[in-house]
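Secondary and tertiary structure notes
Given next are the chains, with one letter for each unit.
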Amino acid sequence: MKKIFKKPESHPLTWWLDNEENTVYINEYCQKNGYSALKMVLKNLEKKEIIDIVKCSELKGRGGAGFYTGVKWSLMPKKEIGIPRYLICNADEMEPGTFKDRFLLEKIPHQLIEGIIIASFALDISRAYIFLRGEYIDAERILKRSISEAKQFGYLGNNILKSDFSLDIIVHTGAGRYICGEETALINSLEGRRANPRIKPPFPACVGLWGKPTCVNNVETLSNIPSILLHGVDWYKSLSCSKDQGTKLMGFSGQVNYPGLWELPFGISAREILEDYSGGMKKGLLLKAWQPGGASTDFLIGDNIDVKMDFESIFQAGSRFGTGIGMVVDHTVNIVSLVCNLEEFFARESCGFCTPCRDGLPWIVKILRSMVNKSGRQGDIEILEDLCIQLGPGKTVCAHAPGAIEPLQSAIRLFRSEFEDGIDVQNSKNILDVSPNIQSNMFKLDF
């Protein structure tokens, strides 16, 4: 496994770590120049200047969607007297196979806190929330200690560093729903409502938490802010080997020798991460397929392993960059069984708000289970393909169902023969022969 020599010039997120076992608390963080960006910002920069710097850096959101952070900040309306505004850090990391935010929360919490403070200052916000995945018990303990430390050192609370800026950060643990990763479902949950996504527009920037202007950013996104402000846009852009700027926490899980994550430049190849950092496949196993960024991304085959790890390159290869934490599938795994397991998760985590997702995902699971048991019916593959269309982009309120069908549609395309092996040809009638109009009459799930 390749060892990384961490230094601030090339590793803005992780250079603080002398080892990967201990948490960097406030004394060590300050000794290593922590909170220097905040001091500089409060002393030298106007709020608009901060937003312009983040916009010029072309920092993309690290939660999976990849929307430009500076643009998102600039969509917040002008501050009105008496109207509160909120910042929410989305730390509800429930994407299967993804663990990058947990690493930052547990190892470098003050970097995130500093990023939240700077973002809140730039956006005229006096109260911020960290919406934390409920199962991250260690992260909750570490964050609460770190927030208390920041208050003691004068970086949080009233009149931060003797300025006229005040901020409180509140840690809110979620009840354990995947859908809370969607920002409007997260907002509903934070308000004490059922975690259903909201129809957009209006967008949270205008009508968010309790109907007030709200900005929602991912943990890794906010953790980039201190380094960008401290070292500048040109420095940040120089770190990348791609059109996407800066570095990214990337890695692999699954049957590799060293599952984990590393801070790497955009544009590095997936092969280099797999072989040089993750140590390659375990002995005797061959790479069959892989997902670039979590369970809700399309499978790619081994022939695509030389693709560059950035948003555009992964899209051109036929998938999405997502969270950038890949998962390998070895040659011994039955793809139908694997996809069935994923779809069971997505079906269980559907909020049930819209029909295609609520009814379509359990239907998919039922068909896949029959295929796993070699009792599928003729026409089942065609039904799955049709359901992939009916649950696709634009057919549901949020992106849960479109994300859920990505591994399914790619698995059928790449490994159709394994789905065909799950059909009991001799003992099943072709379900599509029941009615010549069955697809138009029965399987269209449009509103």
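Now for a look at the structure at hand. Quick caveat, the model's predicted, so the values are computed rather than measured.

Topic: the nonpolar core
In this structure, Trp-73, Ile-117, Ile-169 and Leu-229 are the most contacted members of the largest nonpolar core, which totals 64 residues. No other element matches the 8 residues that helix H6 (residues 109-122) contributes to this core. Beyond its immediate chain neighbours, meaning those up to four positions away, Trp-73 contacts Ile-50, Ile-51, Val-54, Ala-119, Ala-122, Leu-123, Cys-215, Asn-217, Leu-222 and Ile-225. One finds Leu-338, Cys-340, Phe-345 and Ile-423 within the second-largest nonpolar core, a separate group that totals 38 residues.

Re the pattern of salt bridges
Inspection of every chain in the model, using the stated rule, returns 31 salt bridges. Note that Arg-141 and Asp-138 form a salt bridge whose closest N and O atoms lie 3.7 Å from each other. Residue Arg-141 and its partner Asp-138 are located together in helix H7 (residues 137-152), separated by 3 residues, close to a single helical turn. For Asp-138, a relative accessible area of 39% translates into the label partly exposed.

Quick look at the sheet that holds strand S5 (residues 247-253)
If you walk across this open sheet you meet the 5 strands as S6-S5-S9-S7-S8, and the pairing is mixed. For this open sheet the edge positions go to strand S6 (260-265) and strand S8 (300-301), each flanked by a neighbour on one side alone. The strands that helix H5 (residues 100-107) touches are S5, S6 and strand S9 (325-330); relative to S5, the one it contacts most, it runs at about 115 degrees.

Section: the packing of helix H15 (residues 355-372) against helix H17 (residues 400-414)
Look at H15 against H17: their axes get within 10 Å of each other, and the N-to-C directions meet at 20 degrees. Between H15 and H17, the angle is such that the two are roughly parallel. The two elements H15 and H17 meet at a crossing, and its hand is left-handed. Facing Cys-357, Leu-361, Ile-364 and Leu-368 of H15, the residues of H17 in contact are His-400, Ala-401, Ala-404, Ile-405 and Leu-408. Of the residues assigned to the contact of H15 with H17, the class counts are 8 nonpolar, 1 polar and no charged.

Focus on the packing of aromatic side chains
Following the criterion strictly, the structure yields 18 aromatic pairs and no others. Ring geometry for Phe-266 against Phe-321: centres 5.6 Å apart, planes inclined by 45 degrees, an arrangement best described as tilted. Of this pair, Phe-266 sits in the loop between S6 and helix H12 (270-277) while Phe-321 sits in the loop between helix H13 (311-317) and S9, placing them 55 residues apart in sequence. Across this residue pair, the class does not change: Phe-266 and Phe-321 are buried. The rings of Trp-15, Trp-16, Tyr-29, Tyr-35, Phe-153 and Tyr-155 are connected pair by pair, giving a single aromatic cluster. The positively charged end of Arg-145 is found above the aromatic ring belonging to Tyr-25, 3.5 Å away from the centroid.

What about the sheet that holds strand S1 (residues 86-91)?
One open sheet accounts for 4 strands, arranged S3-S2-S1-S4; its pairing is parallel. Looking at the sheet topology across the chains shown, the edges are occupied by strand S3 (168-173) and strand S4 (214-218). When the angles between neighbouring strand axes are averaged without regard to direction, this sheet yields 20 degrees. Relative to strand S2 (residues 127-132), S1 runs parallel, the two sharing 6 bridges. When the bridges of S2 are listed, Cys-89 appears paired with Ile-130. The strands touched by H7 within the sheet are S2 and S3, with S3 carrying the most contacts at an inclination of about 170 degrees.

Observations concerning H12
Every buried residue belonging to H12 is among Ala-270, Ile-273, Leu-274 and Tyr-277, and all of these are buried. An end-on view of H12 places all buried positions within 120 degrees of arc, on one side of the element. As for H12, its buried residues are in contact with S5, S6, strand S7 (287-291) and S9. Phi turns positive one or two residues past the end of H12, at Gly-279, with a value near 80 degrees.

Some details on the pairing of S3
Note that S2 and S3 share 6 bridges and pair parallel. Bridge pairing links Ala-128 to Ile-169 in S3.

Details of H6
Here H6 spans 20 Å end to end across 14 residues, near enough to the 20 Å set by a 1.5 Å rise per residue. Counting buried residues along H6, 14 of its 14 residues qualify, which places the element largely inside the surrounding structure. In the stretch just after H6, Asp-124 is the one whose phi turns positive, near 60 degrees.

Comments concerning unusual backbone geometry
Cis geometry is adopted by the peptide bond preceding Pro-201, which originates at Lys-200 and carries an omega value of 0 degrees. Examined against the element boundaries, Pro-201 turns out to sit in the loop between helix H8 (183-190) and S4. With an omega dihedral of 0 degrees, the bond running from Pro-201 to Pro-202 counts as a cis peptide bond. Topologically, Pro-202 is positioned in the loop between H8 and S4. Of note in this structure, Lys-162 is not a glycine but carries a positive phi near 65 degrees. Take Lys-162: it is sitting in the loop between H7 and S3. Positive phi, normally seen in glycine, also occurs at Lys-374, with a value near 65 degrees. With respect to the element layout, Lys-374 can be found in the loop between H15 and helix H16 (380-390).

Calculation rules
- Note on numbering: residues in each chain are counted from 1, in written sequence order.
- Side-chain atom pairs in this predicted model are given and counted only at pLDDT of 80 or more, local residue features only at pLDDT of at least 70, and totals for whole chains, interfaces and linings cover all residues.
- Water and hydrogen atoms were dropped before computing side-chain values, which therefore reflect all heavy atoms in the structure.
- To define a nonpolar core, start from buried Ala, Val, Leu, Ile, Met, Phe, Trp, Tyr and Cys residues and group those joined through side-chain atoms within 4.5 Å.
- Buried means the residue's accessible area, taken with a 1.4 Å probe over protein chains only, is under 20% of the maximum for its type, while exposed means over 50%, and partly exposed covers the values in between.
- The helix and strand labels rest on DSSP assignments: H or I over at least four residues marks a helix, E over at least two residues marks a strand, and numbering proceeds from the N terminus.
- We call two residues contacting when some pair of their heavy atoms lies within 4.5 Å.
- By definition, a salt bridge exists where a carboxyl oxygen of Asp or Glu is found within 4 Å of a side-chain nitrogen of Lys or Arg.
- Two strands pair if DSSP finds at least two bridges between them.
- Only the stretch in contact is used when fitting a helix axis, every axis being a line fitted to C-alpha atoms; angles between N-to-C directions are given from 0 to 180 degrees.
- Here the angle decides the label: under 35 degrees means roughly parallel, over 145 means roughly antiparallel, 65 to 115 means roughly perpendicular, and every other value means oblique.
- Here a crossing is called left-handed whenever its near helix is offset anticlockwise from the far helix by less than a right angle, and right-handed whenever the offset is clockwise.
- Charged means Asp, Glu, Lys or Arg here, nonpolar means Ala, Val, Leu, Ile, Met, Phe, Trp, Tyr, Cys or Pro, and polar covers whatever is left, Gly included.
- In this analysis, rings of Phe, Tyr and Trp, with Trp reduced to its six-membered ring, are considered paired at centre separations within 6.5 Å, and the interplanar angle assigns stacked below 30 degrees, edge-to-face beyond 60, and tilted for intermediate values.
- In our convention, an over-ring charge means Lys NZ or Arg CZ found within 6 Å of a ring centre and within 35 degrees of that ring's normal.
- Regarding the arc, it is the one traced by the directions from the helix axis to the C-beta atoms.
- To estimate the expected span of a helix, count its residues, drop one, and scale the result by 1.5 Å.

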